[in-house]
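# Coordinates in review
Spelled out, the chains give:
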Protein chains: 2
Amino acid sequence: MRQELLITLSKRTPIPLSRQVYEQIRSAIISGLLHSGDPIPPSRLLANQLEVSRTVVLNAYEQLQAEGYIQMRKGAGTFVAENAASLFASKLVVNEEEGFDEFINAPDFMAELSSPYSGLLGVTHSVPYDFRHGVPAWSAFPMDRWQKSVVEACRNMTPDMLTYGPAEGTYHLREEIARLVRSTRSIPAMPEQIVITSGATQALDILARLCLHKGEQVVVEDPSHTVLREIFSFSGAEVLPVAVDGEGLCVDRITPNKDDENRKGLPRTKLVYVTPSHQFPLGVTMSLNRRIELLRWARSNDALIIEDDYDSEYRYVGQKVSALAGLDTSGRVIYIGSFSKTLFPALRIGYAILPQSLIEPFLAIKWITDRMTSTLEQKALAEFIKSGYYAKHVYKMGKLYAGRRSCLVASLKQEFGDRIRYFGDEAGLHLLIELESKVSEEEIAKQALHKGVKVYPASNYFAGDKPNNPTFLLGYSNLTRNQIQTGIQIFAQAERFCKVKNKSLNK
Amino acid sequence: MRQELLITLSKRTPIPLSRQVYEQIRSAIISGLLHSGDPIPPSRLLANQLEVSRTVVLNAYEQLQAEGYIQMRKGAGTFVAENAASLFASKLVVNEEEGFDEFINAPDFMAELSSPYSGLLGVTHSVPYDFRHGVPAWSAFPMDRWQKSVVEACRNMTPDMLTYGPAEGTYHLREEIARLVRSTRSIPAMPEQIVITSGATQALDILARLCLHKGEQVVVEDPSHTVLREIFSFSGAEVLPVAVDGEGLCVDRITPNKDDENRKGLPRTKLVYVTPSHQFPLGVTMSLNRRIELLRWARSNDALIIEDDYDSEYRYVGQKVSALAGLDTSGRVIYIGSFSKTLFPALRIGYAILPQSLIEPFLAIKWITDRMTSTLEQKALAEFIKSGYYAKHVYKMGKLYAGRRSCLVASLKQEFGDRIRYFGDEAGLHLLIELESKVSEEEIAKQALHKGVKVYPASNYFAGDKPNNPTFLLGYSNLTRNQIQTGIQIFAQAERFCKVKNKSLNK
């Protein structure tokens, strides 16, 4: 059975019913409401819907077919004919519409969108050697096992699972996550404190809307991911970048909130956003001293801390450090986790572990934002974790990524020798490097892209002092060793090519 | 394989390694980091992870087992023992945490949350006769066929589908939706204008954030769904309820936006939210004249219209009316649709059909909000629509709901005779009624609930003049005829009971 068609018949006019049906379908095709290949309902169905005899509809269809508007395909049904609509369809895109540039909020934030959605995800032109960061190794993903979890979740779906579930997510998944963070991150979390979100991004956006009034300040690490500035500033907050050193965020450089008396009217720091396990993009692990300093700062300045633990699962050398949230006894740390890096980003499941008093208001915003996150994949994920396959997968990926990381470092050393500086611990899915070179990042990246290698300039992550030399963020998790070696060779060639070209231009 | 456990060993202390392992697991149990039943990693895995010999781990496990902290279950693995953690777990919920009431934005909107998330969805106590509105008939849902679509979508998943898809949703689904609204709603939509959202709610929230500056006005119908006031006012807008009569929104009662000269500083109406197909909750269909009047108003007052077509699929008498968006030639109507009513709410898929100039900024907000909607169910839904099963299901449900609606009306007539007023056309999934009675809505609802019948008082949908009599919104789509008959009998008894009780109290 095909979709119904909106047709209105009048029995009061002298125009025969079949002619009315004919006219309306024809005009729907001419006006572009129906496109080539669109299905036309079976005559029996349309007759039923219009409460007329089937002959009425059949007569109309015969006429339409005779004039080449529709085609009947044996067994498949009736469709708008190939060329019938193509003449008319094109004019549809243009309408009288005026622009709404001044009308909407867009200008306020579009200008600040340094990584617009279309650049990062819309059209991603495939390139043979893409050093994109934060992308898991697709080919190693246990698709079969994951599909099994989804199919099982789907098979076990009962009618009551079709309705709105709780805004905070299914209890089963929250229980599995609580168990996971207790054992692997040393956070004494209860399922009741965990809220499932549509990716970590949604958790951040909700927190921004929850905690930040217009003009208030939020501290982010400098350098940091540009999306933070986008999210926080769209919520009307002032984003305050604070430097990171070898121990993590320089807590002593955050301006303290003044006493209540003097603060009136002055912006106040409400939130401090950090990535303690593996600073993005520098890769530093925040030291224990610095963690304690930060917790103290938050307490004495009445601020909250967001701990984004985006890729803590991968650490290749040395022992894992527990989460900042595990050290917190004052309920000031909000922990954010995600399955984008360990499983896959198209699975839009992240979570926030919240202090008691924030749970209700957080959920209220989740509720007006999108009610809840879709149930099916929550069920599948809970099963996948419970079965032990999640841990197995993370463990396996850790080994794989460690090898790829070593390969990347070796390749870079071979190509650039002493002219390169590496940042960060041996962890995560990316490496930040600074090249001793007079060529600009953009120039190198452009030349490399020309040869099939995509590298990612990293200066725009720095809000304050930009690096003196070209800086790149190289992801290695989704590239084979061969791809890494060849990719880095081409990258080095690109840099040399630009150098020579610039010299000859300057002569 | 089980989850890993965060354990740090030091080779510099005189404490034996196995003692260190023992101590840390024991203290994790005592401190509540591990709960009864939590898995302990297999000794081989933990040894591997800690880079020690397996004997070290085995010794520690033996000690822990001897002291009753952990239990080995043949074939299943090792777990924290039943009673080991229960003594300690309870103290975790309480922490030093202070309240953040003054800190967060919660007070601004929690007070206005007339239907807090927990009331509507959190814990829905099951009641034998629940006249909840907007809920599809679960038992008639083609679960097998839907599961087939999901399984197929999952089986066909390729690695490139694991990464971030386009923020606007998969092209395939947008194409199917474009075809659907072209044929059934007479909207000449192109897939390029359609953005998939996580339910219609997200589309509304994004539009509020996109179009409304603090203090600007948005017109909503009076009565209307309370969630609209929540969404719009959380975005800082002033919500302006405007009355609805038998033809729909009273456009002539909207205060016009003054000329630019005089308007400065004064709030301006940027958006008008309407439900033209089946006004919520009154059930009126907006007349053609009123539609044209509204489009003209929007044009001359430089405002946008949101058309929420939440349950247009169901109309039991008379012919369907096409969408307002189909009449619009100036690109001022944003059409919002959803699959919550036709399929099921836990499928978080809705969509917005946008004028050209709003697409990019809408997507930019979608991107900072949650990046994109999960891919899997988009794929499944596209297949479900394409195969014709969606149309078949909607058609079948229409017949079912029509029968249930007649049954409800007949039951009400039988029980209340002339003392009842019905609102709205024969369409949708709910009926608004007003009872001629001196008993209050809450009293009747409470007494009915006591007898197992849940009816929904509707006064809170009215922002301006409240109805003089008790008013209820009755959903009938998820109740059998028997349930409807018995439920309405009990409902009527409840009203009579309250009347008699009040009389005897007033004596």
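Going by the structure above, here's the rest.
First, a word on scope: everything that follows refers to the structure included in this document. For clarity, every value in this text was computed on a predicted model and none was experimentally measured.

Reading the values: the criteria
Residues numbered from 1 in each chain as written. Chains lettered and ligands numbered in written order. Predicted model: local features only at pLDDT ≥ 70, side-chain atom pairs only at ≥ 80, totals over all residues. Heavy atoms only, no water. Salt bridge = Lys/Arg side-chain N within 4 Å of Asp/Glu carboxyl O. Helix = DSSP H or I, 4+ residues; strand = E, 2+ residues; numbered from the N terminus. Buried < 20%, exposed > 50% of the residue type's maximum accessible area, 1.4 Å probe, protein only. Least-squares fit on C-alpha atoms with pLDDT ≥ 70 in both. Contact = heavy atoms within 4.5 Å. Pairing = 2+ DSSP bridges. Axes fitted to C-alpha atoms, helices over the stretch in contact; angles between N-to-C directions. Left-handed = near helix turned anticlockwise from the far one by under 90°. Nonpolar A, V, L, I, M, F, W, Y, C, P; charged D, E, K, R; others polar.

### Considerations on the pattern of salt bridges
Enumeration over the complete set of coordinates arrives at 40 salt bridges over all chains. A salt bridge links Asp302 of chain A to Arg268 of chain A; its shortest N-O distance comes to 3.1 Å. Within this pair, whereas Asp302 of chain A is found in the loop between helix H12 (288-300) and strand S10 (304-308), its partner Arg268 of chain A is found in the loop between helix H11 (260-263) and strand S9 (269-274), the two being separated by 34 residues in sequence. Note that Glu434 of chain B is salt-bridged to Arg421 of chain B, the shortest N-O span being 3.4 Å. Within this pair, whereas Glu434 of chain B is found in strand S14 (residues 430-435), its partner Arg421 of chain B is found in strand S13 (residues 420-423), the two being separated by 13 residues in sequence. For Glu434 of chain B, a relative accessible area of 12% translates into the label buried.

### What to know about the relation of the copies chain B and chain A
For the pair chain B and chain A, the best superposition has an RMSD of 0.0 Å and corresponds to a rotation of 180° with a translation of 0.0 Å parallel to the axis. The superposition operator between the copies reduces to a two-fold rotation axis. Nearest to the rotation axis, the C-alpha of Val151 of chain B is located 2.9 Å from it, this being the minimum over chain B. An overlap of 100% is found between the interface residues of chain B and their copies at the interface of chain A, pointing to a shared contact surface.

### Thoughts on the sheet that holds strand S16 (residues 456-457) of chain A
Residue and element names in this part refer to chain A. Overall, antiparallel pairing links the four strands, which are arranged S13-S14-S17-S16 in an open sheet. Where the open sheet ends on each side, the last strands, each with one partner, are strand S13 (420-423) and S16. Examined bridge by bridge, S16 and strand S17 (residues 471-475) share two bridges and lie antiparallel to one another. Bridge assignment links Tyr456 to a residue of S17, and that residue is Leu473.

### Some details on the packing of helix H9 (residues 199-211) of chain A against helix H10 (residues 226-234) of chain A
All names here are of chain A. For the pair H9 and H10, interaxial distance at closest approach is 8 Å and the crossing angle is 35°. By crossing handedness, the relation of H9 to H10 is classed as right-handed. The residues of H10 that touch H9, namely those facing Thr201, Leu204, Asp205 and Ala208, are Leu228, Ile231 and Phe232. Its residues placed into classes, the contact of H9 with H10 shows five nonpolar, one polar and one charged.

### Comments concerning the environment of Pro41 of chain A
Residue and element names in this part refer to chain A. Considering the arrangement of structural elements, one finds Pro41 in the loop between strand S1 (39-40) and helix H2 (43-50). In this structure Pro41 comes out as buried when scored by relative accessible area, which is 0%. Taking the C-alpha atoms as reference, Pro41 lies 55 Å from Tyr461; in sequence the two are 420 residues apart.

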